[in-house]
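Observations on chain architecture
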Amino acid sequence: MRTAGVDLAAEPKGTALAVIDWTDARAFLSELHLGVSDEIIVRTAGTVDKVGIDCAFGWPDEFVQFVVGHSSGDLPGVDGGMAWRRTLAYRETDREVRKITGRWPLSVSTDRLGLTAMRCAGLLSRISAAGIPVDRAGSGVVAEIYPGASLRLWGFSTTGYRTDAARRSHLLAEIQDAAPWLDLGPHAPHMITSADAFDAVIAALAARSAALGFYEPPAPAMLDRARREGWIVLPNGPLAELLPSAR
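What you see is a predicted model, and the numbers here were worked out from it, not measured in a lab.

**Looking at the packing of aromatic side chains**
- Going through the model one piece at a time under the given rule, you end up with 4 aromatic pairs.
- With a centroid separation of 5.8 Å and 45° between ring planes, the pair formed by Trp22 and Trp181 is classed as tilted. Of this pair, Trp22 sits in strand S2 (residues 16-22) while Trp181 sits in the loop between helix H7 (165-178) and strand S6 (182-183), and the two are 159 residues apart along the sequence. Each member of the pair, Trp22 together with Trp181, is buried.
- Plain terms: the ring middles of Tyr90 and Trp104 are 4.1 Å apart, the flat faces sit at 25° to each other, and that makes the pair stacked. Of this pair, Tyr90 sits in the loop between helix H3 (82-89) and helix H4 (92-101) while Trp104 sits in the loop between H4 and helix H5 (113-129), and the two are 14 residues apart along the sequence.
- Among the residues examined, Tyr90 registers a relative accessible area of 14% and is labelled buried.

Given below as structure tokens:
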């Protein structure tokens, strides 16, 4: 199996791509790139079994309806209160992540993530145009990944790792202790110096979890909504499950 992970930013600067090759005995980090364009991501998506992208795949249904209604001047019964605004701020998958992890993901409709999500929408369109199956609910080649939540569900503390290289170094050592089968090759120093590179590798690991079906898909009643809004694929087993033959 071959998986990829993308830590997406609004521009190629700040965007990282990792590729992991899997055998029965080990996982080898074969590629790790910074400053990655859409073209490179699309080309890579055509060579892997699963690619995990760290970005929201869509917007809350209520937010979309609000923008359309506001544009047309047709917004009956809107009070503008906080409870109502929360329905616009978070997707159904965000509420599920909150329930499982105790933390809210960034809001795609009210935070700076929006610009990156616009790029992601274009990227998903390019991937689809290349003939690669895209299902925002996660069953196609692409899956929406949340690296921080994946790490926490695998049992790691994520405090400060995005902003502190020393913390990333410590966290990486913990990951390698838990997954001695993970061969980072010459790329470990880049994961320490760059939080984007670090998250791209975590996304590639989480993509393996998605490819093996080790996650909770949306409930049948939520499937159509997830295919519009996106669905964050959260690992539901330990990191060791990604390569059980190497235990």
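**Quick notes on the layout of surface pockets**
- The calculated volume of the largest pocket comes to roughly 780 Å³.
- Taken together, 32 residues line the largest pocket, and the ones lying closest to its centre are Asp54, Leu106, Tyr146, Arg162 and Asp199.
- Those elements that place two or more of their residues in the lining of the largest pocket are H5, helix H6 (147-153) and helix H9 (195-211).
- If one sorts the elements of the lining of the largest pocket by residue count, H6 sits on top with 3 residues.
- Considered class by class, the residues forming the lining of the largest pocket number 13 nonpolar, 7 polar and 12 charged.

**Some words on the nonpolar core**
- Leu151, Trp154, Ile175, Trp181 and Phe198 are the most contacted members of the largest nonpolar core, which totals 37 residues.
- Looking at this core element by element, the count peaks at 10 residues for H9.
- Among all residues touching Phe198, those that are not within four sequence positions of it are Leu151, Tyr161, Arg168, Leu171, Leu172, Ile175 and Met191.
- One finds Ala4, Ile53, Leu124 and Ile127 within the second-largest nonpolar core, a separate group that totals 25 residues.

**Describing the state of the cysteines**
- One pass over the structure, following the stated rule, counts 0 disulfides.
- Cys120 provides the cysteine sulfur closest to Cys55, a residue in no disulfide bond, and the two sulfurs are 4.2 Å apart.

**Section: the side chain of His187**
- With respect to the secondary-structure elements, His187 resides in the loop between S6 and helix H8 (188-193).
- In this structure, His187 is in contact with Leu29, Ser30, Glu31 and Leu32, ignoring residues within four places of it in sequence.

Criteria and cut-off values
Each chain carries its own residue numbering, running from 1 in the written order of its sequence. Since the coordinates come from a predicted model, pLDDT governs what is reported: local features require at least 70, and pairs of side-chain atoms require 80 or more to be given and counted, while whole-chain, interface and lining totals use all residues. Here the side-chain values reflect all heavy atoms present in the structure, with hydrogen atoms and water set aside. The aromatic pairing rule takes the rings of Phe, Tyr and Trp, using the six-membered ring of Trp, and pairs them if the centres are within 6.5 Å, calling planes under 30 degrees apart stacked, those over 60 edge-to-face and the rest tilted. In DSSP terms, a helix is any run of H or I states spanning at least four residues, a strand is any run of E spanning at least two, and both are numbered starting from the N terminus. A 1.4 Å probe rolled over the protein chains alone gives each residue an accessible area, and that area as a share of the maximum for its type sets the label: buried under 20%, exposed over 50%, partly exposed in between. A cavity, in this analysis, means grid points on a 1 Å lattice covering only the protein atoms where a 1.4 Å probe fits yet has no way out; a pocket is instead an open set bounded by protein on both sides within 12 Å along at least five of seven lines, and a residue lines either one if it has an atom within 4 Å of a point. Grid points are joined across faces, edges and corners, and a volume is the space filled by probe spheres set on the points. Gly counts as polar in this scheme, as do all residues outside two lists: the nonpolar Ala, Val, Leu, Ile, Met, Phe, Trp, Tyr, Cys and Pro, and the charged Asp, Glu, Lys and Arg. Put simply, a nonpolar core is a bunch of buried Ala, Val, Leu, Ile, Met, Phe, Trp, Tyr and Cys residues held in one set by side-chain atoms that sit within 4.5 Å of each other. Throughout, a residue-residue contact means that at least one pair of heavy atoms, one from each residue, lies within 4.5 Å. The criterion for a disulfide is a pair of cysteine sulfur atoms lying within 2.5 Å.

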